[in-house]
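# Summary of structural features
Here is how the chains run, residue by residue.
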Amino acid sequence: MKKLLITIDGPAGAGKTTVSRALAERLQYRYIDTGALYRGVALEARENGIPPEDDQGLEALCKGLELAFIRNENGVRLYSGETDISDAIRTPEMSMMASAVSARMVVRKALLDIQRRMGAEKGAVFEGRDMGTVVFPDADVKFFLTADLNVRAIRRHRELEEKQAAQKFEEVEKDMALRDAADSSRALAPLKPAQDAVFIDSTEISAQSVIDQMMKHIRKKIDDAA
Ligand code: DC
């Protein structure tokens with residue numbers, strides 16, 4: 001059966017991770033969370049005292065960066081060199097800092113190469129902001145998944161509570177609105193649907209229903225290619 005490259009773009013909290021994981025599992029594809037890579041750059045920048053506006057510092061940092069998704073006993077984890085940074089990148093502070101470094105050309109360029117290398121072999125679901133528009137404009141199936149801000153903030157707040165990284169709901173919603181605005185209005189690879197993306201609004205539908213809709217599009221593509 002022909003293996004596809006599938007992209008899912010959209011704002012924070014739209015459900016991209018849940019549905020990307022489920023699709024990858026069902027299709028036996030790899031799942032690549034590209035937001036984690038931007039978070040990895042942000043974490044390393046903070047550890048090394050590099051502010052998000054310091055392009056020279058970021059460029060040098062990216063050159064020496066060894067980010068890789070590696071499977072261990074806890075599943076597929078993000079490593080920076082020898083260190084599993086999967087939990088350290090999931091804080092509200094890292095969300096904001098990832099958004100800030102992601103607006104810098106030097107960072108986007110460095111991660112573009114890494115992401116394209118990861119996508120050289122098909123059979124993968126990539127989630128992010130510019131997967132269908134910039135990184136993989138020739139992807140086989142593209143989705144843009146969104147939902148109303150309030151609903152997305154409720155979902156993210158619940159996730160943070162489960163991880164005991166609690167932040168007040170009002171703060172989660174405010175941060176999310178700021179991050180959406182920054183990610184959508186930046187000059188480089190802004191968050192927007194690719195022209196040929198299937199647009200899905202998950203405000204009033206369950207993750208399962210989003211997955212079912214997506215699988216219909218994917219199956220059609222697989223059948224058409226057979
Ligand atoms: O998906 P996430 O919330 O983990 O992403 C963190 C930040 O990284 C997000 O606010 C913008 C940036 N990002 C990006 O610019 N391009 C991507 N493909 C993925 C994430």
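Structural notes, computed from the coordinates. The structure presented is a predicted model; accordingly, all values stated were derived computationally and were not measured.

Strand order across the open sheet formed by 3 strands is E3-E4-E5, with antiparallel pairing between neighbours. The sheet is open, and its two borders are formed by strand E3 (67-72) and strand E5 (83-84), each paired with just one other strand. By the bridge criterion, 6 bridges tie E3 to strand E4 (residues 75-80) in an arrangement that is antiparallel. Directly across from Ile 70, in E4, lies its bridge partner Arg 77. In the packing of helix H2 (residues 34-47) onto the sheet, contacts are made with E3 and E4, and the angle to E3 comes to roughly 110°.

Counting 33 residues, the largest nonpolar core has Val 41, Val 107 and Phe 126 as its most contacted members. Only H2, helix H3 (55-64), helix H4 (92-101), helix H5 (105-118), strand E6 (124-128) and helix H6 (131-135) provide two or more residues apiece to this core. Sort the elements by how many residues they give to this core and H2 lands first, with 7 residues. Counting 21 residues, the second-largest nonpolar core is a separate cluster that includes Ile 6, Val 141, Ile 211 and Met 214.

Scoring rules and cut-offs
Residues numbered from 1 in each chain as written. Predicted model: local features only at pLDDT ≥ 70, side-chain atom pairs only at ≥ 80, totals over all residues. Heavy atoms only, no water. Pairing = 2+ DSSP bridges. Helix = DSSP H or I, 4+ residues; strand = E, 2+ residues; numbered from the N terminus. Contact = heavy atoms within 4.5 Å. Axes fitted to C-alpha atoms, helices over the stretch in contact; angles between N-to-C directions. Core = buried A, V, L, I, M, F, W, Y, C linked by side-chain atoms within 4.5 Å. Buried < 20%, exposed > 50% of the residue type's maximum accessible area, 1.4 Å probe, protein only.

Honestly, it's all geometry; don't read function into it.
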